[in-house]
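Fold and geometry: a report
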Amino acid sequence: MTDTTGKINLLGLTLQEMEKFFESIGEKRFRAGQVMKWIHHYGVDNFEAMTNVGKALREKLERRAEIRGPEVVSEDISSDGTRKWVVRVASGSCVETVYIPQGKRGTLCVSSQAGCALDCSFCSTGKQGFNSNLTAAEVIGQVWIANKSFGSVPATVDRAITNVVMMGMGEPLLNFDNVIAAMHLMMDDFGYGISKRRVTLSTSGVVPMIDELAKHIDVSLALSLHAPNDALRNQLVPINKKYPLKMLLESCRNYMSALGEKRVLTIEYTLLKDVNDKPEHAVEMIELLKDTPCKINLIPFNPFPHSGYERPSNNAIRRFQDLLHHAGFNVTVRTTRGEDIDAACGQLVGQVMDRTRRSERYIAVRELSAETEGAQVAAART
Ligand code: SAH
Ligand code: SF4
């Protein structure tokens, strides 16, 4: 938590950690909540602004601590209101954060790692390989930056960010402690006060860590399934070879039942043309999920250069959705948002593209949207 300056970064500290910090410098614990409100509710990054903290304590904090988020490299706003930030983390890599407004809901999609080691075959983040884990300050820092760009409206007032999904770059369960700390801050009233139902962790299926998760937190869970059988899933999501479907679904059901309420697992399923989008895949999926209370979110594949995959036709998407729907599942198709700023799922590459490349890409993506126009696009982000 300290860096080369020797100062402790208060941005990523949970309430408990912040209380310990104040005790360790001979101050009262209640200061923790006070300072956290300044940081998270009001987006403050200096102690001078903390007017209800005495001058002596402010000076002490100045000597020992800092409030430092990741560096914002760019902020783009799409024609559909989607926003994307590219931020640079301490390792020197860039990661991306995306905000998706949808009616009264505003969902922030947060990254947990720079790159990802799990190498799912259709994911551009996976193609980069693993670079680094984000610190807790870098994970929560993405919420802090986004909240600041909306004017840092306190948690008790109508806010821009109502939901957070850990669906940006990286596998959150492989950066466990930092992601847990940041999710606690998302939910804490001294942090962002977001309900546990509206904070969602998405995983490709790191079974031992799903088992561990329930001991630490009660956020919503999304499972990236993408295939209805082990043979196909081994190809698309290689971690399946280590933790196959039966074991994985059992672990997810255990997590959900540990929540002890009527909450259901979200199943994410990226539809890849002629790979996992056929009626027989839907039929297999119905059988696979028959004992797992869930809602299903279909994600039409978002293309990126040299991926080797294509997005299915609208008819194929609709046919797949209908089969699941008729079997009694709650199924939505995720709307692709922010394409003009490369903000769609699986397009997050953490690089600042040069403008020429971006505009070429923009045209390609526009043509594709014209082709897919008319798709049934039920609201989909959890
Ligand atoms: N590592 C986690 C969370 C980040 S990925 C996970 O895999 O769940 C968020 C979601 O986007 C996952 O469901 C992932 O499979 C999906 N995704 C990745 N690449 C995609 C692409 N090119 N098109 C559509 N969805 C993609
Ligand atoms: Fe990693 Fe998720 Fe991409 Fe798989 S889909 S490579 S787990 S970020």
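Our structure is the block above this text.
Presented here is a report on the structure given in the accompanying data block. Note that this is a predicted model, so its numbers are computed, not measured.

Overview of the overall build of the chain
Tallying secondary structure elements over the chain gives 12 helices and 14 strands in all. For the chain, the share of sequence-separated contacts (at least 6 apart) that also reach a separation of at least 24 residues comes to 67%.

Considerations on helix α11 (residues 314-326)
The end-to-end C-alpha separation of α11 is 18 Å, in line with the 18 Å expected for 13 residues at 1.5 Å each. For α11, every residue scored as buried is listed here: N314, A316, I317, F320, Q321 and L324. G328 lies just past α11 and shows a positive phi near 100°.

Some remarks on the packing of aromatic side chains
Counting across every chain of the model gives six aromatic pairs. When the ring of W38 is compared with that of Y42, the centres are 5.6 Å apart and the planes differ by 50°; the resulting orientation is tilted. What makes W38 buried here is its relative accessible area of 17%. What links up through ring pairs into an aromatic cluster is the set F301, F304 and Y309. Lying over the aromatic face of W144, K148 brings its terminal NZ or CZ to 3.7 Å of the ring centre.

What to know about the pairing of strand β4 (residues 83-88)
Of all the six residues making up β4, five are buried; the element is thus mostly covered by neighbouring parts of the structure. Here strand β3 (residues 71-77) pairs with β4 via six bridges, running antiparallel. Note on β4: the bridge partner recorded for I77 is R83. Following β3, the chain reverses through five residues before pairing antiparallel with β4; G81 in that reversal takes a positive phi of roughly 95°. In this structure, the hairpin formed by β4 and strand β5 (residues 94-102) is closed by a connection of five residues, where G92 is found at a positive phi of approximately 100°.

Some details on the site of ligand 2
Close to ligand 2 lie C116, L118, D119, C120, C123, G126, G170, E171 and S204. By residue class, the composition of the shell around ligand 2 is four nonpolar, three polar and two charged.

Some points on the site of ligand 1
Every one of the 20 residues lining ligand 1 counts as a neighbour, but G170, S202, S224, H226 and N302 are closest to it. Within the side chain of E171, a nitrogen or oxygen atom sits 3.4 Å from a nitrogen atom of ligand 1. When ligand 1 is considered free in solution it has 530 Å² of accessible area, and contact with the protein chains removes 95% of it. Mapped by element, the contributors of at least two residues to the shell around ligand 1 are β10 (199-203) and β12 (265-271). Per-class residue counts for the shell around ligand 1 are eight nonpolar, 10 polar and two charged.

Let's talk about the pattern of salt bridges
Summed over all chains, the structure comprises 14 salt bridges. The shortest N-O distance in the salt bridge between D218 and K196 comes to 3.7 Å. Placement of the pair is D218 in the loop between α7 (207-213) and β11 (220-224) and K196 in the loop between α6 (176-187) and β10, with a sequence separation of 22 residues. Residue D218 is classed as partly exposed on the basis of its relative accessible area of 28%. In this structure K196 comes out as partly exposed when scored by relative accessible area, which is 28%.

Thoughts on the pairing of strand β9 (residues 163-166)
Judged by which residues are buried, β9 turns out to be covered on both faces: N163 and V165 on one side and V164 and M166 on the other are all buried. Relative to β9, strand β6 (residues 105-109) runs parallel, the two being bridged by three bridges. Residue pairing across strands places L108 opposite V164, the latter belonging to β9. In this sheet, β10 lies alongside β9 in parallel orientation, the contact comprising three bridges. Bridge pairing links V164 to V199 in β10. Once the chain exits β9 it traverses α6 before rejoining the sheet at β10, and the crossover so formed is right-handed.

Quick word on helix α3 (residues 55-64)
Inspection of α3 places L57, R58, K60 and L61 among the buried residues, and these make up the whole buried set. One side of α3 holds all its buried residues, which, seen down the axis, span an arc of 160°. Facing away from the buried side of α3 by more than 90 degrees, the exposed set consists of K55, A56 and R63.

Criteria and cut-off values
Residues numbered from 1 in each chain as written. Chains lettered and ligands numbered in written order. Predicted model: local features only at pLDDT ≥ 70, side-chain atom pairs only at ≥ 80, totals over all residues. Heavy atoms only, no water. Helix = DSSP H or I, 4+ residues; strand = E, 2+ residues; numbered from the N terminus. Contact = heavy atoms within 4.5 Å. Expected span 1.5 Å × (residues − 1). Buried < 20%, exposed > 50% of the residue type's maximum accessible area, 1.4 Å probe, protein only. Phe/Tyr/Trp six-rings, centres within 6.5 Å; stacked < 30°, edge-to-face > 60°. Lys NZ or Arg CZ within 6 Å of the ring centre and 35° of its normal. Pairing = 2+ DSSP bridges. Near = heavy atom within 4 Å. Nonpolar A, V, L, I, M, F, W, Y, C, P; charged D, E, K, R; others polar. Polar contact = N/O pair within 3.5 Å; in protein donor to acceptor, adjacent residues only side chain to side chain. Areas by Shrake-Rupley, 256 points an atom, 1.4 Å probe, with all protein chains shown as cover. Salt bridge = Lys/Arg side-chain N within 4 Å of Asp/Glu carboxyl O. Right-handed = clockwise from strand over helix to strand, strands pointing away. Arc of directions from axis to C-beta.

Any functional reading would require information beyond the geometric quantities listed.
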